[in-house]
Amino acid sequence: MKWFSKLTKGLKKTSGKLTESISKVFTHRKIDAATLEDLEDILIQSDLGVNVSTKIIQRFEKEKVSKEATPSEIQLLIADEIEKVLHPHQKELKIDTAKKPYVMIMAGVNGSGKTTTCAKVGWQLIEQGFRVRLAACDTFRAAAVEQLAVWADRLHIPLSKGAFNTDPASLAFDSYKEAEKENADVLIIDTAGRLHTNQNLMAELEKIIRVLKKINPDLPHEIFLVLDATIGQNTRVQLEAFQKVAPISGLIMTKLDGTARGGVLVGLADSFKLPIYFIGTGEAKEELHPFDAKSFSHALVGLGE
Ligand SMILES: Nc1nc2c(ncn2[C@@H]2O[C@H](COP(=O)(O)OP(=O)(O)O)[C@@H](O)[C@H]2O)c(=O)[nH]1
Ligand SMILES: [Mg+2]
């Protein structure tokens, strides 16, 4: 399947709901103030955020969209406005080979998709020819280490792991030394599910960062926050909480396939202005896409490429 059709399929729940609601608004109606007000309600309900929804409506008003506008013209206009919001935040993961190993931390609450995303990103980078090492620094649950070990085995990626309850920060330190020794280009560090209300676990994340900084103040090079799209607006609370303890360098949104709330990424981008690197649309290793504003906005409103 081509990349865009995979993305469209992954975003089907969101686009299905959105296009259905939009066509209900416009069917047998003039495009007037009342229609646009209904449209605005729908856009806000689909988690795009008030600001973005207002921008879309203003665009309709400004362009004096004609009564005869076809559904695809309407979709295109909405997609275009969403793309404008997202485009400045689209960012490609670039491995700086002058910084070796390039160190990334996956942070996020339990169940958001960190471990899976470590494996998916690792696999993509290996496909691009980089030498990758994974570090299983979620040492609080034996099952979490095992889960990453299974991925590492399957994808033939070297893995640093410790015994159950090993100090995550000292394991992060050791994994860096191992990566350095084997001349790895990239080190991807998985972390424990940190409920943002759990101060101890948040302190652990800070400690991992502190220990890495002792090796080199530039470390880590990336701290990705992994957010589960199915929790909708709650992603905002998580993002705010994590930003207080760690300088989040970018976002990865997972499980867009499992929700009709994919619009939440648009609202987040607009409010937090953080780079978006990847989106996840399934559990398989191929189901992580580099974030692309145009494809995402088109797929979100159910448009073709
Ligand atoms: N449908 C879907 N499931 C995902 C995605 N990413 C992760 N998962 C699943 O979500 C669950 C939790 O993921 P995991 O990586 O263990 O989360 P962690 O606790 O943050 O490490 C697992 O069953 C994953 O297979 C995604 O993009 N789509
Ligand atoms: Mg995990």
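So, here is what we can say about the structure in this document. Nothing here was measured: the structure is a model prediction, and the numbers come from that model.

## What to know about the packing of aromatic side chains
Going through the model one piece at a time under the given rule, you end up with three aromatic pairs. Residue placement shows Arg 154 over the ring face of Trp 151; its charged tip is 4.6 Å from the ring centre. Cation over ring: Lys 285 sits above Trp 123, and NZ or CZ is 4.9 Å from the ring centre.

## Things to note about the state of the cysteines
Throughout the structure, instances matching the rule amount to zero disulfides. Here Cys 118 stays unpaired: no disulfide links it, and the sulfur of Cys 137, its closest cysteine neighbor, is 9.4 Å away.

## Section: the pairing of strand S4 (residues 186-190)
When you tally the buried positions in S4, you get five out of five residues, the bulk of the element. What you see with S4 is no split at all: Val 186, Ile 188 and Asp 190 on one side and Leu 187 and Ile 189 on the other are buried throughout. Pairing geometry for strand S1 (residues 102-107) and S4, over five bridges, is parallel. Across the sheet, the residue bridging to Val 103 is Leu 187, located in S4. Sheet topology places strand S2 (residues 132-136) next to S4; five bridges connect them, and they run parallel. Along S4, the bridge assignment pairs Val 132 with Val 186.

## Focus on the pattern of salt bridges
For the structure shown, the criterion picks out 18 salt bridges. The salt bridge involving Glu 63 is made with Arg 59; its shortest N-O contact spans 2.6 Å. Look at Arg 59 and you get buried, because its relative accessible area is 14%. The closest approach of N and O atoms between Glu 81 and Lys 84, which form a salt bridge, is 3.4 Å.

## With respect to the site of ligand 1
Gly 111, Lys 114, Thr 116, Asp 257 and Glu 283 are the nearest of the 17 residues found near ligand 1. A distance of 2.7 Å is found between an oxygen atom of ligand 1 and a side-chain nitrogen or oxygen belonging to Lys 114. Taking Lys 255, its main chain carries an N or O atom lying 2.9 Å from an oxygen atom of ligand 1. Within the complex, the protein chains bury 81% of what would otherwise be the 580 Å² of accessible surface of ligand 1. Given that more than half its atoms are within 2 Å of the pocket grid, ligand 1 belongs to the largest pocket.

## Some remarks on the packing of helix H6 (residues 114-127) against helix H7 (residues 142-155)
Running from amino to carboxyl end, H6 crosses H7 at an angle of 20 degrees, the nearest separation of the two axes being 9 Å. The orientation of H6 relative to H7 falls into the category roughly parallel. Handedness of the H6/H7 crossing: right-handed. Residues Thr 115, Thr 116, Cys 118, Ala 119, Trp 123 and Ile 126 of H6 form the contact with H7, whose own contacting residues are Gln 147, Leu 148, Trp 151 and Leu 155.

## Looking at the packing of helix H1 (residues 3-10) against helix H12 (residues 293-300)
With their axes 9 Å apart at the nearest point, H1 and H12 run at an angle of 45 degrees to one another. On the basis of the axis angle, H1 is oblique to H12. When the axes of H1 and H12 are compared, the crossing they make is right-handed. Two secondary-structure elements touch here, H1 through Trp 3, Phe 4, Leu 7 and Thr 8 and H12 through Ser 295, Phe 296, His 298 and Ala 299. When its residues are assigned to classes, the contact of H1 with H12 shows five nonpolar, three polar and no charged.

## Focus: the layout of surface pockets
Any empty space left between atoms is shown by rolling a water-sized probe over those atoms. Its boundaries defined by the atoms lining it, the largest pocket holds a volume of some 380 Å³. Along the walls of the largest pocket sit 22 residues, with Gly 111, Ser 112, Gly 113, Thr 116 and Lys 255 positioned nearest its centre. Ranked by the residues each element gives to the lining of the largest pocket, the list is headed by H6, at five residues. A volume near 160 Å³ is recorded for the second largest pocket. For the second largest pocket, the lining is made up of 12 residues, of which Ser 23, Phe 26, Ala 69, Pro 71 and Ile 74 are closest to its centre. At the level of secondary structure, the elements contributing two or more residues to the lining of the second largest pocket comprise helix H2 (12-26) and helix H5 (71-86). With four residues, H2 is the largest single contributor of residues to the lining of the second largest pocket. Of the residues that constitute the lining of the second largest pocket, the class distribution is six nonpolar, four polar and two charged.

Cut-off values and rules
- Residues numbered from 1 in each chain as written.
- Chains lettered and ligands numbered in written order.
- Predicted model: local features only at pLDDT ≥ 70, side-chain atom pairs only at ≥ 80, totals over all residues.
- Heavy atoms only, no water.
- Phe/Tyr/Trp six-rings, centres within 6.5 Å; stacked < 30°, edge-to-face > 60°.
- Lys NZ or Arg CZ within 6 Å of the ring centre and 35° of its normal.
- Disulfide = S-S within 2.5 Å.
- Buried < 20%, exposed > 50% of the residue type's maximum accessible area, 1.4 Å probe, protein only.
- Helix = DSSP H or I, 4+ residues; strand = E, 2+ residues; numbered from the N terminus.
- Pairing = 2+ DSSP bridges.
- Salt bridge = Lys/Arg side-chain N within 4 Å of Asp/Glu carboxyl O.
- Near = heavy atom within 4 Å.
- Polar contact = N/O pair within 3.5 Å; in protein donor to acceptor, adjacent residues only side chain to side chain.
- Areas by Shrake-Rupley, 256 points an atom, 1.4 Å probe, with all protein chains shown as cover.
- 1 Å grid on protein atoms, 1.4 Å probe; cavity = no way out; pocket = protein on both sides within 12 Å on 5 of 7 lines; lining within 4 Å.
- Sits in = over half its atoms within 2 Å of the grid points.
- Axes fitted to C-alpha atoms, helices over the stretch in contact; angles between N-to-C directions.
- Parallel < 35°, antiparallel > 145°, perpendicular 65-115°, else oblique.
- Left-handed = near helix turned anticlockwise from the far one by under 90°.
- Contact = heavy atoms within 4.5 Å.
- Nonpolar A, V, L, I, M, F, W, Y, C, P; charged D, E, K, R; others polar.
- Points joined across faces, edges and corners; volume = space filled by probe spheres on them.

By themselves, these are just geometric observations and shouldn't be taken as functional.
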